[in-house]
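Close look at the chain arrangement
Each chain is listed here by its residues.
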Amino acid sequence: MLAAPTRIVIHCVQGVVSPILANVYLHYVLDLWFERRVKKQSKGGCVLFRYADDFVVAFGWRHEAEQFASDLQARLKSFGLELALDKTKTLRFGRHGGGHNGRFDFLGFEFSWGKDRAGKPNLKRRTSRKKLRNSLANFTQWCKQSRHVPLRELFPMLKLKLRGYYNYYGVSGNSDGLKEFFTVAMGTLWKWINRRSQRRSFTRQGFDDLLAHFQVPRPRIRVRPRVPIGSVVSLS
């Protein structure tokens, strides 16, 4: 199966198109076209996943994927749209692809194929490296700005941030990604809390005791219902 992660660039003479308007526009330009024409003409099977202007299309047969890529550019052009070619690629991605499989980022996750404990092919997801770096950079900035906030106010804010992160990235198979974020983030917070004064405020053990006192949540995986594959899936 071939997967094609893509992004559409929407031009507007009067300015940037609002996300809501862009989503409605793409529903007619892309979603309905794919469901009513592309999918019905496909012999090898295909599926579309879209969120706003990012989407992934998978085909069972290579020649159908190549034909779709050509037809898609022509259709988008007729509506004044174009693909962001620097963020678009076509790659092999399937259960039986083995070492020929590629990997791609979508909605903050990196998708790849590996093997489970029984040695069978297994779809893997982890936080994309770019998103992880951005999240840690944003967290570092928050620590710098909040280092003088009283601890009784700081830690409730911290807990909200961590829960929000876990709620999004806490998917099956991404436990290592969550732990990596938590470990680095807590090391950063410890460093900046110790800069509250000239004297070092907490040893690492003291900081860990502080996390326990405020009941800072540890990384956890959320159980989500599976998305059925077999029709257009618009996640907008």
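Nothing here was measured: the structure is a model prediction, and the numbers come from that model. (Residues numbered from 1 in each chain as written. Predicted model: local features only at pLDDT ≥ 70, side-chain atom pairs only at ≥ 80, totals over all residues. Heavy atoms only, no water.)

Some thoughts on the overall build of the protein chain
The cut-off we apply is this: Helix and strand labels come from DSSP, where a helix needs a run of H or I of at least four residues and a strand needs a run of E of at least two; each type is numbered from the N terminus. Buried means the residue's accessible area, taken with a 1.4 Å probe over protein chains only, is under 20% of the maximum for its type, while exposed means over 50%, and partly exposed covers the values in between. Should any heavy atoms of two residues lie within 4.5 Å, those residues are counted as being in contact. Here, Shrake-Rupley sampling with a 1.4 Å probe gives the accessible areas, and only protein chains in the shown set may cover a residue.
The number of helices and strands found in the protein chain is six helices and nine strands. Put simply, the protein chain has 236 residues, and 37% of those count as buried. A separation of at least 24 residues holds for 61% of the contacts in the protein chain among residues at least 6 apart in sequence. Per element, the accessible surface of the protein chain, about 14700 Å² overall, is 53% carbon and sulfur.

Focus on the sheet that holds strand 7 (residues 109-115)
Heads up, the rule is: Should DSSP find at least two bridges between two strands, the strands are taken to pair. To obtain an axis, a line is fitted to C-alpha atoms, over the contacting stretch when the element is a helix, and the angle between two such axes runs from 0 to 180 degrees between their N-to-C directions.
Reading across the sheet, the three strands line up as 6-7-8 and stay open at both edges, with antiparallel pairing between neighbours. At either end of the open sheet lies a strand with only one pairing partner, and these are strand 6 (104-106) and strand 8 (121-127). Neighbour to neighbour, the strand axes of the sheet diverge by 40 degrees on average, direction disregarded. Taken together, the seven bridges between strand 7 and strand 8 define a ladder with antiparallel strand orientation. Bridge pairing links K115 to P121 in strand 8.

As for a positive patch on the surface
Short version of the rule: Residues qualify for a patch when their relative accessible area is over 30% and they have no salt bridge, like charges being joined within 9 Å and the nonpolar side chains of Val, Leu, Ile, Met, Phe, Trp and Tyr within 5 Å. Whenever Lys or Arg places a side-chain nitrogen within 4 Å of a carboxyl oxygen from Asp or Glu, that contact is recorded as a salt bridge. Residues scored as charged are limited to Lys and Arg (positive) and Asp and Glu (negative), so that His and the chain ends carry no count. Every charge is mapped to an atom, namely NZ of Lys, CZ of Arg, CG of Asp or CD of Glu.
Where like charges cluster on the molecular surface, the positive patch consists of K87, K130, K131 and R133. Counting through the fold element by element, R133 comes out in helix 3 (residues 129-146).

A short note on a nonpolar patch on the surface
A contiguous nonpolar surface patch, about 350 Å² in accessible area, is contributed by I20, V24 and Y28. Here V24 lies in helix 1 (residues 19-41).

Some details on the packing of aromatic side chains
For the record, the criterion: Between 30 and 60 degrees the pair is tilted, below 30 it is stacked and above 60 it is edge-to-face, where a pair is any two Phe, Tyr or Trp rings, Trp via its six-membered ring, whose centres lie within 6.5 Å.
Scanning the model with the defined rule gives 15 aromatic pairs in all. Judged by centre distance (5.2 Å) and plane angle (55 degrees), the ring pair of F109 and Y169 falls under tilted. On the criterion of sequence distance, the pair formed by F109 in strand 7 and Y169 in helix 4 (residues 151-169) is long-range, its members being 60 residues apart. Note on accessibility: F109 and Y169 belong to one class, buried. Clustering of aromatic rings is evident, with ring pairs tying together F109, F139, W142, Y165, Y168, Y169 and F181.

Topic: the environment of S135
Examined against the element boundaries, S135 turns out to sit in helix 3. Its relative accessible area of 19% is what places S135 among the buried residues. Expressed as a C-alpha distance, the spacing of S135 and F181, which sit 46 residues apart in the sequence, is 8.3 Å. If we ignore the near neighbours within four places in the chain, the residues touching S135 are Y165 and F181.

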